[in-house]
Amino acid sequence: MKLPAAQKIWLGLGAAVAAVVLCTLPFLAAKTQKDIVYVYSASPKPDSREVGFIRELKKLGCEVKVNPENKPDKSVAAVWFRSPEFARNLADSEAGYDFIYSEAYYPFDWRGLPKMPVMLTPYREIYEHYARSNIKSAMFTLGVNTADYTAPALADAGKKYPLVWYGDNNRQTSLAEKIIARPDSYILGNFWEKSAELLPAVEAKEKGRVLSQTSVAVVYYPSGAPENKIISPKIAEAAAAGALVITGDNPAVKEMYGDSVIVARADEEILGLAEYYLNQPEISAEKITAARRITAEKLSAAASARRFKAILDWLKNNSIN
């Protein structure tokens, strides 16, 4: 039984062993006509990562409109920062290309949709699920806005906070309590009871300032959490800002950062690792420099904009919509 041509294309692209899948698209020749991109933020006001992505798209020559009232037409590529099921709201979209970016760890039910967007996801398993289902998709990570999460002058001048737990109080681990019990530790996150150790940082720039003055930042998620399958925004933010990052067992972090981000094999090791690197500032400094470089090159807003532009160019050059 022969498959339709379009189905062959997307099944081929979805093969994990293929060398030319969307997750490794190269840049193609630059367009003479400026790309028009509508960006719809997750909230009425774009967050730090969305702001960085918008800024970097403009630097690449794109004409970007943020949360426009008018609907996109065929000349427009629209990026929606929404949950996967939002795809059903785009069935009648007239945009040349609709993209949905979601960090939710589940796919959407596409059955019955006459038109499907390109699904952007940081999870390889979700991407491969879409590819097997003949849904246009690509591996994509919305990178850290280094304009907010870097402060070289502060980072190089000295560290004010020896050990910071960078994360929200999710009541799922006793590890945070053990770290917070140390006299040299602080908390950067939400949903904690007010205390002298709780750092009042709400805006991204303030978080970046705190992290730039942090020696060791622990970013932890319980075993089995979806965040352990990707490089979470908090890990990229802390690395970009100049803190030595320690996290739980995470293959994606190991693959991207090597040993410049410390990946504990077991939760019980994290506190001991923090103690070790607090007493090894020269070793920590080398790892911090390497992690900041990797983040800037591969996990920044600039890297995300280049990646998105490459995907869009590939779709246009191959007449896929």
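Not measured: the values here are computed from a predicted model.

Thoughts on the side chain of Glu-56
Within the element layout of this structure, Glu-56 appears in helix 2 (residues 48–59). Judged by relative accessible area, which is 11%, Glu-56 ranks as buried.

Considering the pattern of salt bridges
Counting across every chain of the model gives 18 salt bridges. Lys-254 is the partner of Asp-249 in a salt bridge, and the nearest nitrogen-oxygen pair spans 3.3 Å. Asp-249 gets classed as partly exposed once you look at its relative accessible area, which sits at 42%. Note that Glu-269 is salt-bridged to Arg-265, the shortest N-O span being 3.2 Å. Judged by relative accessible area, Glu-269 falls into the partly exposed class, the value being 27%. Judged by relative accessible area, Arg-265 falls into the exposed class, the value being 68%. Each of Asp-35, Lys-309, Asp-313 and Lys-316 takes part in a single network of salt bridges with overlapping partners.

As for the sheet that holds strand 7 (residues 161–166)
Strand order across the open sheet formed by five strands is 8-7-9-10-11, with parallel pairing between neighbours. Of all the strands in the sheet, the pair left with one neighbour each is strand 8 (185–188) and strand 11 (262–263).

Comments concerning helix 2
Here helix 2 spans 17 Å end to end across 12 residues, near enough to the 16 Å set by a 1.5 Å rise per residue. Residues of helix 2 that are buried: Ser-48, Arg-49, Glu-50, Gly-52, Phe-53, Ile-54, Glu-56 and Leu-57. Of the residues that open helix 2, the one with a side-chain oxygen 3.3 Å from the backbone nitrogen of Arg-49 is Asp-47. Trailing helix 2 by a residue or two, Gly-61 shows a phi angle of about 95°, which is positive.

What counts and how
Residues numbered from 1 in each chain as written. Predicted model: local features only at pLDDT ≥ 70, side-chain atom pairs only at ≥ 80, totals over all residues. Heavy atoms only, no water. Helix = DSSP H or I, 4+ residues; strand = E, 2+ residues; numbered from the N terminus. Buried < 20%, exposed > 50% of the residue type's maximum accessible area, 1.4 Å probe, protein only. Salt bridge = Lys/Arg side-chain N within 4 Å of Asp/Glu carboxyl O. Pairing = 2+ DSSP bridges. Expected span 1.5 Å × (residues − 1). Polar contact = N/O pair within 3.5 Å; in protein donor to acceptor, adjacent residues only side chain to side chain.

None of the figures reported here should be taken as evidence of function without further support.
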